[in-house]
Amino acid sequence: MTSPKKNPPEPIDGAALLDEVEAFHRRFNVFPTEAAYVAVALWDAHAHLIDALDGTARLAFLSPEPGSGKSRALEIIETLTPRAATTVNASANALFRLVAADEGGPTLLFDEIDTVFGPKAGGNEEVRGFLNSGYRRGAKSLRCIGDGSDQKAGWFDSFCAVAMAGLGSLPDTILTRSIIIRMRKKAPNEKCEPYRRRVHEKQGHALRDRLADWTDTIHDQVAQAWPEMPEGVSDRPADVWEPLLAVADAAGGHWPERARAACLTLIKAAQEGDEASLGVRLLTDLRDRVFCGVDRMPTAAILEVLLGLDDAPWGDLTDDGKPLTSRGLSKLLKQYVRPDTTPIRPRGIRVGSGTPKGYYAEDLSDAWARYCPPPPGESATSATAATSQVNEGESVAEDPSESRHKLTEADTRTLRSVS
């Protein structure tokens, strides 16, 4: 007697399931933008597909002040992702061994990440190396293993999904591998449901198990996917967003469109709020607010302009509030090269009977073209105020507009004529 045939399981509606995941976050999290809800829901799903992916996006919840909902966001993610492991402080050796465990790669949730990379943390280069390398499949690090003097070298994987939460910012190399969500304290009109682990964790786990079932059905599709990037998204941002867009395309419905809109929104926000590269900020300020068409500037004049910019970091650059100096300026600029590939360094500039050290626009031109965002429209800036001292050592005029007029008539002509 043959047994009756079982009906095939009903196909899982991935778009509707992602809607439910997003709604679960909305119950307990107040994110700053709609794009953040989209990104986090896709990130939850991508953590179930880590074996199908060549890369993974780090997820970074950052805020300037405590009480902005960062840790709560990680709590909700913990209920929705496979093999979630939450840590506040862990050594690099422990992290490598966690990834190598037989149970399978974890979804690593790193709370209070500022205690790892903050100003008092001492850099933590080994943890930074773990987070930097582990966003691509095949990343391995060489570690010593064994007991006592019986030590041998061994390779350890570091590829796993990682979400982080912390105050302030993160090292440059980690930020560029991350989807950044800048959290804020809730406004009086922003409400969310209080999270109770003993009640709501089970609900999150039920969604997690359904996500696991659905992602099993799209595993091969995602593994072979080459999602189309929004216009203008390439290089590292494309690497970061590729796994999330692959998940969105597999879900269908409104998710492919929402995912690409979120991609553009969050990349733009990260770029506009990016303080990661102090060197790029310096190059941009030099181009747009210091030189402004002048072909050379003494270091003293450059520093006077930079230190006078209210919205720039140069006036209190160090942890103890000290301003940028000529030595610091030289140290930042020599990381970049002139058109002939030699490091940018100060050179003598003949001014009257003296030759103070300074910088030439032609030396900076290659770095400006390669690293800076497109220049703004032509406009006069406060930079020209400092240039008036180049001629005869006069101090900057109190009226910036007056100094700008003087520069166009005399100082620029003098600077350009000096060989």
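Basis of the calculations
- Residues numbered from 1 in each chain as written.
- Predicted model: local features only at pLDDT ≥ 70, side-chain atom pairs only at ≥ 80, totals over all residues.
- Heavy atoms only, no water.
- Pairing = 2+ DSSP bridges.
- Helix = DSSP H or I, 4+ residues; strand = E, 2+ residues; numbered from the N terminus.
- Axes fitted to C-alpha atoms, helices over the stretch in contact; angles between N-to-C directions.
- Core = buried A, V, L, I, M, F, W, Y, C linked by side-chain atoms within 4.5 Å.
- Buried < 20%, exposed > 50% of the residue type's maximum accessible area, 1.4 Å probe, protein only.
- 1 Å grid on protein atoms, 1.4 Å probe; cavity = no way out; pocket = protein on both sides within 12 Å on 5 of 7 lines; lining within 4 Å.
- Points joined across faces, edges and corners; volume = space filled by probe spheres on them.
- Nonpolar A, V, L, I, M, F, W, Y, C, P; charged D, E, K, R; others polar.
- Phe/Tyr/Trp six-rings, centres within 6.5 Å; stacked < 30°, edge-to-face > 60°.
- Lys NZ or Arg CZ within 6 Å of the ring centre and 35° of its normal.
- Parallel < 35°, antiparallel > 145°, perpendicular 65-115°, else oblique.
- Left-handed = near helix turned anticlockwise from the far one by under 90°.
- Contact = heavy atoms within 4.5 Å.

Engineer: What is the right way to read the sheet that holds strand S9 (residues 347-348) from this model?
Structural biologist: Picture the strands of a sheet paired through backbone hydrogen bonds; they go either parallel or antiparallel. Read across the sheet, three strands follow the order S8-S10-S9 without closing on themselves; strand pairing throughout is antiparallel. The sheet is open, and its two borders are formed by strand S8 (296-298) and S9, each paired with just one other strand. Examined bridge by bridge, S9 and strand S10 (residues 357-360) share two bridges and lie antiparallel to one another. The partner of Arg347 across the bridge, within S10, is Gly358.

Engineer: Even after reading the chapter, I still don't get the sheet that holds strand S7 (residues 178-182), so can you show me in this structure?
Structural biologist: Overall, parallel pairing links the five strands, which are arranged S2-S3-S6-S1-S7 in an open sheet. Sheet topology places strand S2 (84-87) and S7 at the edges, where each strand pairs with a single neighbour. Between one strand axis and the next, the sheet turns through 15 degrees on average, direction left out of account. Taken together, the five bridges between strand S1 (residues 58-63) and S7 define a ladder with parallel strand orientation. Each bridged residue has a counterpart across the sheet, and for Ala60 the counterpart in S7 is Ile180.

Engineer: Even after reading the chapter, I still don't get the nonpolar core, so can you show me in this structure?
Structural biologist: Soluble globular proteins tend to pack their nonpolar side chains together in the buried interior. Leu42, Leu59, Phe61, Ile179, Trp214, Trp241 and Trp255 are the most contacted members of the largest nonpolar core, which totals 61 residues. Considering each element in turn, this core owes the most residues, 11 residues, to helix H2 (residues 34-47). Counting 27 residues, the second largest nonpolar core, distinct from the first, contains Leu283, Leu286, Val294 and Tyr359.

Engineer: Just checking my understanding: could you explain empty space enclosed by the protein for this structure?
Structural biologist: Leftover empty space is mapped by rolling, across the atoms, a probe with the size of a water molecule. A complete count under the given rule lists one cavity of 30 Å³ or more for this structure. Counted as a void, the largest cavity has a volume near 40 Å³. Lining the largest cavity are Val30, Phe31, Pro32, Met183, Arg184, Lys185, Lys186 and Glu190. Among the residues forming the lining of the largest cavity, the class breakdown is four nonpolar, no polar and four charged.

Engineer: Hey, could you run me through the packing of aromatic side chains in this one?
Structural biologist: Here a ring pair, both rings aromatic, is described through the centre-centre distance and the interplanar angle of the planes. Tallied over the full model, the rule gives six aromatic pairs. Ring geometry for Phe28 against Tyr195: centres 5.4 Å apart, planes inclined by 80 degrees, an arrangement best described as edge-to-face. Residue Phe28 is located in helix H1 (residues 14-28), and its partner Tyr195 is located in the loop between S7 and helix H8 (197-223); the two are separated by 167 residues in the primary sequence. Since its relative accessible area comes to 2%, Phe28 is described here as buried. For Tyr195, a relative accessible area of 5% gives the class buried. Members of the aromatic cluster, joined through ring pairs, are Phe24, Phe28 and Tyr195. The ring of Tyr37 has Arg26 lying over it, and the distance from NZ or CZ to the ring centre is 3.9 Å. One residue, Arg347, lies across the ring of Tyr360, its end atom 4.0 Å from the ring centre.

Engineer: Mind showing me how you'd approach unusual backbone geometry here?
Structural biologist: Trans is the prevailing form of peptide bonds, just as negative phi is the prevailing case for residues other than glycine. Located in the positive-phi region is Arg83, a residue other than glycine, with phi close to 50 degrees. Relative to the helices and strands, Arg83 resides in the loop between helix H3 (70-80) and S2. A positive phi angle, near 75 degrees, is found at Thr341, a position not held by glycine. Considering the arrangement of structural elements, one finds Thr341 in the loop between helix H13 (326-333) and S9.

Engineer: What am I meant to see in the packing of H1 against H2 here?
Structural biologist: Helix-helix packing: each pair is described by the crossing angle between the helix axes and the interaxial distance. Contact geometry of H1 with H2 gives a least axis separation of 9 Å together with a crossing angle of 120 degrees. If you check the angle between H1 and H2, you find them oblique. Here H1 runs over H2; the crossing is right-handed. Judged by residue contacts, Leu18, Val21, Glu22, His25 and Arg26 of H1 engage Glu34, Tyr37, Val40, Ala41, Leu42, Asp44 and Ala45 from H2. Classifying every residue of the contact of H1 with H2 by side-chain character gives seven nonpolar, one polar and four charged.

Engineer: Please clarify how the packing of H3 against H8 should be interpreted in this entry.
Structural biologist: Relative to each other, H3 and H8 sit at 50 degrees, their axes nearing to 6 Å. Taken together, the axis directions place H3 and H8 in an arrangement best described as oblique. In contact with Glu75, Glu78, Thr79 and Leu80 of H3, H8 contributes Arg197, Glu201, Gly204, His205, Leu207, Arg208 and Leu211.

Note that every value here comes from positions in space, so none of it alone points to a role or purpose.
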